[in-house]
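Observations on chain architecture
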Amino acid sequence: MIAILHRQCTLQQKSEVVRRLESEGYRVTVGAYADETVVGIVGDAPPGLAERLGAMPGVRETRDDAPAYALVSRAHHPETTRVRAGGVTFGGEEIIVIAGPCSVESQAQIRTIATSVASAGARMLRGGAFKPRTSPYGFQGLGEDGLRFLAEAGSGAGLPTISEVVGAEDVELVARHVDVLQIGARNMQNFRLLAACGRQGKPVLLKRGHMATIDEFLNAAEYVVAHGNPRVILCERGIRTFETATRNTLDVSAVPVLRERSHLPVVVDPSHAAGRREWVEALARAAVAAGADGLLVEVHDDPSRAKSDGRQSLTTEGFDSMMRGLARIAAAIDRGIDRREPA
Ligand code: PEP
Ligand code: MN
């Protein structure tokens, strides 16, 4: 339930509304946009509360159709949240491009790719060290060595880093090495992992599960925030449909829907949606045009030898050329691609 306050409501009236709700034991949210203030509660409102609140001085209207995911919903927080992560801001005017290999394979590999994506304009370096592979015989990642190589390559290229954490027991370890923790599609409803990521201080990029509705996705994000971490970035990466030509179906519609329902920044991963490098650029353009705040793209210096997801990884040249095209799409919608200052 939310209460929208009158524009002319006094500070005292606002505090009175908050105090009343808190004294009744509710966890209270306060959002503001321009000169409008929204006070809400987390959880269900009992019958009669909306009426009682609506009668208080300073309250313009109450609504009890606000979603259960109060902490991430735009109904409670009309203003878009900017998530600062390793010196980069998601959710501002500028679009942030995260790039790097699916997996960190060696110190030399991640260094080469880091240098190359940085000079093409990437603002963050990705690389998996713990890989959630469909087959137990697939490359599982280099573990802590991979995290060390990633951090070292990122710092050499001037890029903050992101890597996936696959289990609650690894959260502390991954958080020690990277700037952003990634929760993968397969783990979107791993509630212990969501809670553990909520209890640590680094920002979290949460991927939508292949089979998850937008409502389930936002409830998963709510877990992270409810456990104490407000710095969450949502990532659409394609969902499973009847179509088999692509690896997944990129749900471009999710971008405007998520932006309408949530105040959190929205990033799109065109690589895991497409499954083939030839289609990544078109999907990246569509994502930027649809209003995404960022992109997460797989890039490899030698995709044919990649230990995972080579078929969908752009070459370093392909990435450079995609970045030039994206700048034009961003300009057409009055945004820009945030580019790292060349060293
Ligand atoms: C990845 O980013 O390499 C990955 C495994 O992604 P997803 O969880 O979206 O499949
Ligand atoms: Mn991958």
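Residues numbered from 1 in each chain as written. Chains lettered and ligands numbered in written order. Predicted model: local features only at pLDDT ≥ 70, side-chain atom pairs only at ≥ 80, totals over all residues. Heavy atoms only, no water.

**Section: the environment of Thr316**
Summarising the element assignment, Thr316 is placed in helix H11 (residues 316–332). Since its relative accessible area comes to 16%, Thr316 is described here as buried. Each C-alpha atom, one on Thr316 and one on Lys131, is 22 Å from the other, the two residues being 185 residues apart in sequence. With near-sequence residues (within four places) excluded, Thr316 lies in contact with Ser116, Val299, His300 and Asp301. Of note is the side chain of Thr316, whose polar atom sits 3.4 Å from the side chain of Glu317. (Helix = DSSP H or I, 4+ residues; strand = E, 2+ residues; numbered from the N terminus. Buried < 20%, exposed > 50% of the residue type's maximum accessible area, 1.4 Å probe, protein only. Contact = heavy atoms within 4.5 Å. Polar contact = N/O pair within 3.5 Å; in protein donor to acceptor, adjacent residues only side chain to side chain.)

**Quick word on the environment of Val268**
In this structure, Val268 sits in strand E13 (residues 266–268). Each C-alpha atom of the pair Val268 and Asp293 lies 8.1 Å from the other, and the pair is 25 residues apart in sequence. When neighbours within four sequence positions are excluded, Val268 is seen to be in contact with Cys235, Glu236, Leu250, Val255, Ala287, Ala292, Gly294, Leu295 and Leu296.

**Overview of the site of ligand 1**
Neighbouring ligand 1 are Cys102, Arg126, Lys131, Glu164, Gln182, Gly184, Ala185, Arg186, Lys207, Arg237, His272 and Glu298. With respect to ligand 1, the side chain of Arg126 contributes an N or O atom lying 2.8 Å from an oxygen atom. Side-chain polar atom of Arg237 to an oxygen atom of ligand 1: 2.6 Å apart, as the coordinates give it. Of the pockets mapped on this structure, ligand 1 occupies the largest pocket. Here the residues of the shell around ligand 1 sort into 2 nonpolar, 3 polar and 7 charged. (Near = heavy atom within 4 Å. 1 Å grid on protein atoms, 1.4 Å probe; cavity = no way out; pocket = protein on both sides within 12 Å on 5 of 7 lines; lining within 4 Å. Sits in = over half its atoms within 2 Å of the grid points. Nonpolar A, V, L, I, M, F, W, Y, C, P; charged D, E, K, R; others polar.)

**Focus on the layout of surface pockets**
Roughly 230 Å³ of volume is contained in the largest pocket. As for the largest pocket, its lining consists of 17 residues, of which Pro132, Arg186, Arg247, His272 and Asp309 are closest to the centre. Among the residues forming the lining of the largest pocket, the class breakdown is 3 nonpolar, 5 polar and 9 charged. Volume-wise, the second largest pocket comes out at about 160 Å³. (Points joined across faces, edges and corners; volume = space filled by probe spheres on them.)

**Comments concerning the packing of aromatic side chains**
Applying the stated rule across the entire model yields 1 aromatic pair. Seen from the ring of Phe139, Lys307 lies directly overhead, with NZ or CZ sitting 5.1 Å from the centre. (Phe/Tyr/Trp six-rings, centres within 6.5 Å; stacked < 30°, edge-to-face > 60°. Lys NZ or Arg CZ within 6 Å of the ring centre and 35° of its normal.)

**So, the coordination of the manganese ion (ligand 2)**
Angles between donor atoms at a metal ideally measure 109.5 degrees for a four-coordinate tetrahedral arrangement and either 90 or 180 degrees for a six-coordinate octahedral one. Distances from the manganese ion (ligand 2) to its protein donors, Cys102 (SG), His272 (NE2), Glu298 (OE) and Asp309 (OD), fall within 2.0 to 2.4 Å. Along the chain, the residues that donate to the manganese ion (ligand 2) are spaced as C-x169-H-x25-E-x10-D. Of this pair, Glu298 sits in strand E14 (residues 294–298) while Asp309 sits in the loop between E14 and H11; the two residues are 11 residues apart in sequence, bridging distant segments of the chain. Judged by relative accessible area, which is 18%, Asp309 ranks as buried. (Donors = N, O, S within 2.8 Å, 3.2 Å for Na, K, Ca; no water.)

**A word on helix H3 (residues 107–120)**
Over its 14 residues, H3 runs 20 Å from end to end, which matches the ideal 20 Å to within 8%, given 1.5 Å per residue. The complete set of buried residues in H3 reads Gln109, Ile110, Ile113, Ala114, Val117, Ala118 and Ala120. Along the long axis of H3, the arc covered by the buried residues comes to 155 degrees, so they all point the same way. With respect to the buried face of H3, the exposed residues turned more than 90 degrees away are Thr115 and Ser119. In this structure, the buried side of H3 is in contact with strand E7 (94–100), strand E8 (124–126), helix H4 (144–157) and H11. Immediately downstream of H3, the backbone of Gly121 shows phi near 115 degrees, a positive value. (Expected span 1.5 Å × (residues − 1). Arc of directions from axis to C-beta.)

**Notes on the confidence of the model for the protein chain**
Across the protein chain, the average pLDDT comes to 96, with 99% of residues at 70 or higher. Confidence, expressed as mean pLDDT per element, reaches its minimum in the protein chain at strand E2 (residues 28–33) with 92 and its maximum at strand E12 (residues 232–236) with 99. (pLDDT = per-residue confidence, 0-100.)

**Comments concerning empty space enclosed by the protein**
With a probe scaled to a water molecule rolled over the atoms, the places where space remains empty come into view. Counted according to the given criterion, the structure contains 1 cavity of 30 Å³ or more. Its residues assigned to classes, the lining of the largest cavity comprises 1 nonpolar, 4 polar and 3 charged.

**Considering the side chain of Glu236**
Checked against the element boundaries, Glu236 lands in strand E12. Look at Glu236 and you get buried, because its relative accessible area is 0%. What Glu236 contacts, discounting residues up to four positions off in sequence, is Arg208, Thr249, Leu250, Asp251, Ala254, Val267, Val268 and Asp269.

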